[in-house]
Amino acid sequence: IGGGDRTKGLMDEMLKSANMKPMDYIIVLPMSSEEPDTAVLYAKADFGASGYSNVIGMNIITDNDLTSERLDSITNAKLIYITGGDQTRFMEIAG
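Note that the structure is predicted; figures quoted are calculated from it, not measured. (Residues numbered from 1 in each chain as written. Predicted model: local features only at pLDDT ≥ 70, side-chain atom pairs only at ≥ 80, totals over all residues. Heavy atoms only, no water.)

(A) Expanded view of the overall build of the chain. Within the chain one finds 4 helices and 3 strands. Starting at the N terminus and walking to the C terminus, you meet the elements of the chain as α-β-α-β-α-β-α. Against the 2.2 N^0.38 benchmark of 12 Å for 95 residues, the chain shows a C-alpha radius of gyration of 13 Å, consistent with a compact globule. Along the longest, intermediate and shortest principal axes, the C-alpha atoms of the chain span 35 × 30 × 20 Å. Residues classed as buried in the chain amount to 34% of the 95 residues present. (Helix = DSSP H or I, 4+ residues; strand = E, 2+ residues; numbered from the N terminus. Rg over C-alpha atoms; globule rule 2.2 N^0.38 Å. Buried < 20%, exposed > 50% of the residue type's maximum accessible area, 1.4 Å probe, protein only.)

(B) Just the nonpolar core, in detail. If you look at the biggest cluster of nonpolar residues, it comprises 14 residues, and the most contacted ones within it are L15, M20, I26, V28, F47, L79 and Y81. Contacts of V28, omitting those with residues within four sequence positions, involve V40, A43, V55, I56, G57, M58, Y81 and T83. Counting residues in each nonpolar core, the second largest holds 9 residues, with Y25, L29, M31 and I74 among its members. (Core = buried A, V, L, I, M, F, W, Y, C linked by side-chain atoms within 4.5 Å. Contact = heavy atoms within 4.5 Å.)

(C) Focus on helix α1 (residues 8–17). Inspection of α1 places M11, M14 and L15 among the buried residues, and these make up the whole buried set. Buried positions in α1, seen along its axis, are confined to an arc of 95 degrees and lie on one side of it. Pointing more than 90 degrees away from the buried face of α1 are the exposed residues K16 and S17. Of the surrounding secondary structure, the elements contacted by the buried residues of α1 are β1 (26–29), α2 (36–49) and β3 (79–82). Directly after α1, the chain includes N19, whose backbone phi takes a positive value near 55 degrees. (Arc of directions from axis to C-beta.)

(D) Geometry of the sheet that holds β1. Spatial ordering of the open sheet is given by β2-β1-β3, a layout of 3 strands whose pairing is parallel. Looking at which strands have only one partner, the edges of the open sheet turn out to be β2 (55–57) and β3. Here the strands of the sheet are splayed against their neighbours by 25 degrees on average, with no regard to which way each runs. Bridging between β1 and β3 involves 4 bridges; their strand directions are parallel. Within β3, the residue paired with I27 across the bridge is I80. Across the sheet, α2 is in contact with β1, β2 and β3; its angle to β2 comes to roughly 175 degrees. (Pairing = 2+ DSSP bridges. Axes fitted to C-alpha atoms, helices over the stretch in contact; angles between N-to-C directions.)

(E) Representation of the pairing of β1 in the model. Here β1 shows no split at all, with I26 and V28 on one side and I27 and L29 on the other all buried. Bridging between β1 and β2 involves 3 bridges; their strand directions are parallel. Bridge pairing in β2 places I27 opposite I56. In terms of handedness, the path from β1 via α2 over to β2 forms a crossover that is right-handed. (Right-handed = clockwise from strand over helix to strand, strands pointing away.)

Dropping the structure here:
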């Protein structure tokens, strides 16, 4: 959805499009951000304002951070949210 302001309406629409159910969860991948911990906090607050709190931040820096458990969590997430920032930074890690 891009960086910058994320309105409640935009977050609501994203949750609706993902057809989120109560047991579903969201994975936040903050690797694009210069401040990944802060990016996760903001994402959690934005989703929380839309009534959804089952949000997991997952900062992956090296291959060692991508355990089979984490990969399973990403695979089974109903929604994967990539934060704003430098998408080249994200792709260098994801690649």
